[in-house]
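Single-letter residue listing:
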Amino acid sequence: MAKICVVGAGNMGAGIAQRCSQSGFSVSMVDIKDEFVKKGFDSIRRTLEDGVKRGKIKPEQVDAVINNINGTIDLAAAAADADIVIEAVFEDIEVKKKLFADLDKACKPEAILATNTSSLSVNEMAAVTARPAKFAGLHFFYPAAINQLIEVIPGDKTAPETVSKLVDTARLLQKLPIVVKDAPGFAVNRYFVPFLNEACKMLDEGVADMATIEEAAKKTLQIGMGPFELMNATGVVIAYHAQESLHKALGTFYQPAASLKKQLESGQKWKVEGSPDPAKFDEVGERFLGMLFCIALHLVEEGVATKEAVERGATVGLRWKSGPFAMMNEIGIERSLDIVKKYAAASYLKIPEILVSQAASKKPWSLRSVQVSKEGFVGVITIDRPEALNALNSKVLGDLNHAISTVAADESVKVVMVTGEGSAFVAGADIKEMISKTPMEARTFTQLGQSVFKRLEDMDKAVIAAVNGYALGGGLELALSCDMIVAAENARLGLPEVTLGIHPGFGGTQRLPRQIGKSKAKELIFTGGMVDGKEAERIGLVNKAVPREKLYDEVRKLADKIAAVGPLAVKMAKSAVNKGTEVDLVSGLAYEIETVSLCFSTEDKQEGMTAFIEKRKPQFKGR
Ligand code: COA
């Protein structure tokens, strides 16, 4: 696995080093003094021992995780053979710039440099290095060893391969990455820090007392700690400086409240005392919502983050029950617009156009549970419901259908990869949704699943399933609808429907026997058993099993090979192979004559054969 060098052994640096080590990376943790490195190790040991007490970590893992980290003060030596360097020193742009200039010299040319900044410009830091294409932000959330959110922040010159590598790495760290633009506060702190500031502003304006503001925030956002308790836990000083850096970058609205400044100067924590006044909860709650909605909508309008990324930031990074878009859906879009209009007018903020048009449509926000992205010519479909191991409910199937249309219509996409966010590929159809279905409803649901998977099977581009974890029931059936399957060696594949008193319905009883033969398929279906990636390769269920960390590179290599040949030939070959599994041999052969003859009508055939004779590489145009 890659070697990661973490610079800075403070709270964040130590947490990052711990997470990297726990995920099997070889890790160096560097600081400027031995005592700082020692402090870092002490904090890692404390966190791990706490994990043992809570039953999350086995006792023998404590020393193993610590021994896998090389603590040092020799930056150049630690950076020399690192594949990725993650900087986690304090938030001072000059210190960081100097560090990156040194790292640029010390690191091998192919190494990626990443900053864990929460508020400074990625572009500004990238500019001091000679490798801006291999530079990006990688913002961990506190506590870094546990919190699953990571913001991956490409700068203007970051290469797409660098982004892919960091997203892959974040996933190997068992994180849920969101890719966001290099903008002040990125996708989370842009509204989270002003949320703290808004509480102080209300205090300054005498809207309510501290206890009322604290309680109203908890009730409105359904969170365990209000803004003042949060500041006490994470530091008033951090809140102030984060707000001040937003203020410098974005202007007056973000100016730190007078009470926040005063509290900082006092060096004290907030004293949340007295009884809250419920009569003011609505007014205070609306202020919070107005601010939150306004900024979240600006983030989307400015292209800093997608709605889904903003939601994940809130629910995973901040552990809120819902993000701003789900909250707007809950209270109603028209009502949300009223709240935003009122807040925007009082704060001299722009009313977000997207909310105005959404309200006019009278529809709630649609939050997609299947994401589409592009890595060059590879269209990537990611089933994105990690909290339920990507289980397929009607919404996911609808979103998958939409994603298929998107990649199918995109002419620049030559190969499609299907994968799952988080630890699973797809752990089956959604049992919680299915349990109450009548036979007729189950029929409609099954038809939906079958028809969506059939569209994937029939797409005229090569489709590769990258099975990153559990591929069970509908998950394995989804993979079987793809042209090829590459699986992680530790993935688990199976059709466990019989254990639920039903049998596979999204094509499993039909495609599995065609793939691995009748009797092996029956064994898997009748027992509901699972096989790992290696066994799946042995029985011909998947094309190849590779170590988890190599999964996406393996799929990209396969995609490269397919993209290098004639796209029309691949399209027609796919059609011929698929048809052949549906009809008798004679009909299949007849069909093959038609498809291969059609190939002779293409420019690609002329180019391919001419290139062979001229002993050069063909340049296929898909015509
Ligand atoms: N439908 C609905 N929810 C599912 C699901 C499914 N097929 N598979 C997993 N989930 C949910 C779990 O209910 C749980 O939600 P919760 O946190 O609200 O309780 C969450 O995903 C995490 O799953 P959990 O079971 O806690 O993870 P695990 O690591 O202990 O076990 C599995 C993983 C895959 C072995 C287990 O989730 C499982 O057996 N899932 C069902 C597989 C199946 O039968 N699929 C065929 C369906 S037709």
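Quick look at the structure, then. Owing to the predicted nature of the structure, the values given are computational and were not obtained by experimental measurement.

## Details of the overall build of the chain
Here's step 1: Scanning the chain from terminus to terminus reveals 28 helices and 17 strands.
Here's step 2: Its C-alpha atoms give the chain a radius of gyration of 27 Å, within 12% of the compact-globule value 25 Å for 623 residues.
Here's step 3: Principal-axis analysis of the C-alpha atoms gives the chain an extent of 85 × 60 × 50 Å.
Here's step 4: Buried positions account for 51% of the 623 residues belonging to the chain.
Here's step 5: Considering only contacts in the chain between residues 6 or more positions apart, those separated by 24 or more positions represent 70%.
Here's step 6: Of the accessible surface of the chain, which amounts to about 28,300 Å², a share of 55% is contributed by carbon and sulfur atoms.

## Describing unusual backbone geometry
Note: most peptide bonds trans; most residues except glycine with negative phi.
Here's step 1: Going from Tyr142 to Pro143, the amide bond is cis rather than trans, its omega being -10°.
Here's step 2: Along the chain, the position of Pro143 falls in the loop between β6 (135-140) and β7 (149-154).
Here's step 3: The backbone of Tyr348 sits at a positive phi, close to 55°, despite the residue not being glycine.
Here's step 4: With respect to the element layout, Tyr348 can be found in the loop between α16 (333-347) and α17 (353-361).
Here's step 5: Backbone geometry at Lys615 places phi at a positive 55°, although glycine is not the residue there.

## A few points about the site of the ligand
Here's step 1: In the vicinity of the ligand there are 16 residues, among which Ala427, Ala429, Asp430, Ile431 and Lys432 approach most closely.
Here's step 2: One of the backbone N or O atoms of Ala429 is found 3.0 Å from a nitrogen atom in the ligand.
Here's step 3: In this structure, Lys432 approaches the ligand through a side-chain N or O atom, which is 2.9 Å from an oxygen atom.
Here's step 4: Protein contact buries 59% of the 860 Å² of open area that the ligand shows by itself.
Here's step 5: When grouped by side-chain class, the residues that make up the shell around the ligand number 11 nonpolar, 1 polar and 4 charged.

## Quick notes on helix α2 (residues 34-53)
Here's step 1: Here α2 contains 20 residues, and its C-alpha end-to-end distance of 29 Å stays within 8% of the 28 Å for a straight helix at 1.5 Å per residue.
Here's step 2: Inspection of α2 places Val37, Gly40, Phe41, Ser43, Ile44, Leu48 and Gly51 among the buried residues, and these make up the whole buried set. Along the axis of α2, the buried positions cluster into a sector of 160°, meaning they face one direction only. More than 90 degrees from the buried face of α2, the exposed residues found are Glu35, Lys38, Lys39, Arg46 and Lys53.
Here's step 3: In this structure, the buried residues of α2 make contact with α1 (11-22), β2 (26-30), α3 (59-67) and β3 (69-72).
Here's step 4: Immediately downstream of α2, the backbone of Gly55 shows phi near 75°, a positive value.

## Focus on the nonpolar core
Here's step 1: The biggest cluster of nonpolar side chains holds 91 residues, and the ones touching the most others in it are Leu103, Tyr191, Phe192, Phe195, Met231, Leu260 and Trp320.
Here's step 2: Ranked by residue count, the leading element in this core is helix α13 (residues 281-301), at 13 residues.
Here's step 3: If sequence neighbours within four positions are ignored, Phe192 has contacts with Leu230, Leu318 and Trp320.
Here's step 4: Core analysis: the next-biggest nonpolar cluster, separate from the first, contains 47 residues, Phe445, Ala465, Cys482 and Ala521 among them.

## Quick word on the pattern of salt bridges
Once their charged atoms are close, side chains differing in charge can pair, the charge on each being opposite to the other.
Here's step 1: Scanning all chains against the criterion turns up 46 salt bridges.
Here's step 2: Taking the shortest distance from any N to any O, the salt bridge between Glu87 and Lys96 comes out at 2.6 Å.
Here's step 3: The class of Lys96 is buried, set by a relative accessible area of 1%.
Here's step 4: Between Lys219 and Glu215 there is a salt bridge; the shortest N-O distance is 3.9 Å. On the criterion of helical spacing, the pair formed by Lys219 and Glu215 is a turn pair, its members being 4 residues apart in helix α9 (residues 210-221).
Here's step 5: What makes Glu215 partly exposed here is its relative accessible area of 23%.

## Things to note about the sheet that holds strand β14 (residues 484-488)
In any sheet, the strands associate via hydrogen bonds between backbone groups, in a parallel or an antiparallel arrangement.
Here's step 1: If you walk across this open sheet you meet the 6 strands as β9-β10-β11-β12-β14-β17, and the pairing is mixed. With partners counted over all chains shown, the strands left at the sheet margins are β9 (370-375) and β17 (544-546), one partner each. When the angles between neighbouring strand axes are averaged without regard to direction, this sheet yields 20°.
Here's step 2: Bridge analysis of strand β12 (residues 462-467) against β14 gives 4 bridges, and the strand direction is parallel.

## Focus: helix α20 (residues 439-458)
Note: α-helices contain 3.6 residues per turn, so residues at a spacing of three or four share the same orientation.
Here's step 1: The end-to-end C-alpha distance of α20, which contains 20 residues, comes to 28 Å, matching closely the 28 Å that a straight helix rising 1.5 Å per residue would cover.
Here's step 2: Every buried residue of α20 is accounted for by Phe445, Gly449, Val452, Phe453, Leu456 and Glu457. Burial along α20 is one-sided: seen end-on, the buried residues are contained in an arc of 150°. Facing away from the buried side of α20 by more than 90 degrees, the exposed set consists of Pro439 and Met440.

## A closer look at the pairing of β6
Sheet faces and side chains relate simply in a regular strand, where the side chains alternate between the two faces.
Here's step 1: Across the 6 residues that make up β6, a large majority, 6, are buried.
Here's step 2: Side chains Phe135, Gly137 and His139 of β6 all project onto a buried face; the interleaved residues Ala136, Leu138 and Phe140 project onto the opposite face, where all are buried too.
Here's step 3: With 3 bridges joining them, strand β5 (residues 112-115) and β6 adopt parallel strand pairing. Bridging from a neighbouring strand, Ala114 pairs with Ala136 of β6.
Here's step 4: Two elements, β6 and β7, share 5 bridges in a ladder whose sense is antiparallel. What sits directly across from Gly137, in β7, is Ile153.

## Side note on the sheet that holds β2
Here's step 1: Strand order in the open sheet formed by 8 strands is β3-β2-β1-β4-β5-β6-β7-β8, and the pairing between neighbours is mixed. The open sheet has two edge strands with one neighbour each: β3 and β8 (176-179). Here the average twist between neighbouring strands, direction ignored, is 25°.
Here's step 2: In this sheet, β3 lies alongside β2 in parallel orientation, the contact comprising 4 bridges. Among the inter-strand pairings, Ser28 is bridged to a residue of β3, identified as Asn70.

## Regarding the side chain of Asn232
Here's step 1: With respect to the helices and strands, Asn232 occurs in helix α10 (residues 227-234).
Here's step 2: Within the structure, Asn232 has its side chain in polar contact with the backbone nitrogen of Trp270 (distance 2.8 Å).
Here's step 3: What Asn232 contacts, discounting residues up to four positions off in sequence, is Lys269 and Trp270.

## Considerations on the environment of Pro513
Here's step 1: Mapped onto the fold, Pro513 is located in helix α22 (residues 508-516).
Here's step 2: Sequence spacing of Pro513 and Pro143 is 370 residues, and the spatial spacing of their C-alpha atoms is 47 Å.
Here's step 3: Setting aside residues no more than four positions away along its own chain, Pro513 makes contact with Gly508, Lys518 and Ala521.

## Side note on the packing of α13 against α17
Here's step 1: Running from amino to carboxyl end, α13 crosses α17 at an angle of 100°, the nearest separation of the two axes being 8 Å. Taken as axis vectors, α13 and α17 run roughly perpendicular relative to one another. Note on element contacts: α17 touches α13 through Glu353, Ile354 and Leu355, opposite Leu297, Val300 and Glu301.

What counts, and where the lines are drawn
Residues numbered from 1 in each chain as written. Predicted model: local features only at pLDDT ≥ 70, side-chain atom pairs only at ≥ 80, totals over all residues. Heavy atoms only, no water. Helix = DSSP H or I, 4+ residues; strand = E, 2+ residues; numbered from the N terminus. Rg over C-alpha atoms; globule rule 2.2 N^0.38 Å. Buried < 20%, exposed > 50% of the residue type's maximum accessible area, 1.4 Å probe, protein only. Contact = heavy atoms within 4.5 Å. Areas by Shrake-Rupley, 256 points an atom, 1.4 Å probe, with all protein chains shown as cover. Near = heavy atom within 4 Å. Polar contact = N/O pair within 3.5 Å; in protein donor to acceptor, adjacent residues only side chain to side chain. Nonpolar A, V, L, I, M, F, W, Y, C, P; charged D, E, K, R; others polar. Expected span 1.5 Å × (residues − 1). Arc of directions from axis to C-beta. Core = buried A, V, L, I, M, F, W, Y, C linked by side-chain atoms within 4.5 Å. Salt bridge = Lys/Arg side-chain N within 4 Å of Asp/Glu carboxyl O. Pairing = 2+ DSSP bridges. Axes fitted to C-alpha atoms, helices over the stretch in contact; angles between N-to-C directions. Parallel < 35°, antiparallel > 145°, perpendicular 65-115°, else oblique.

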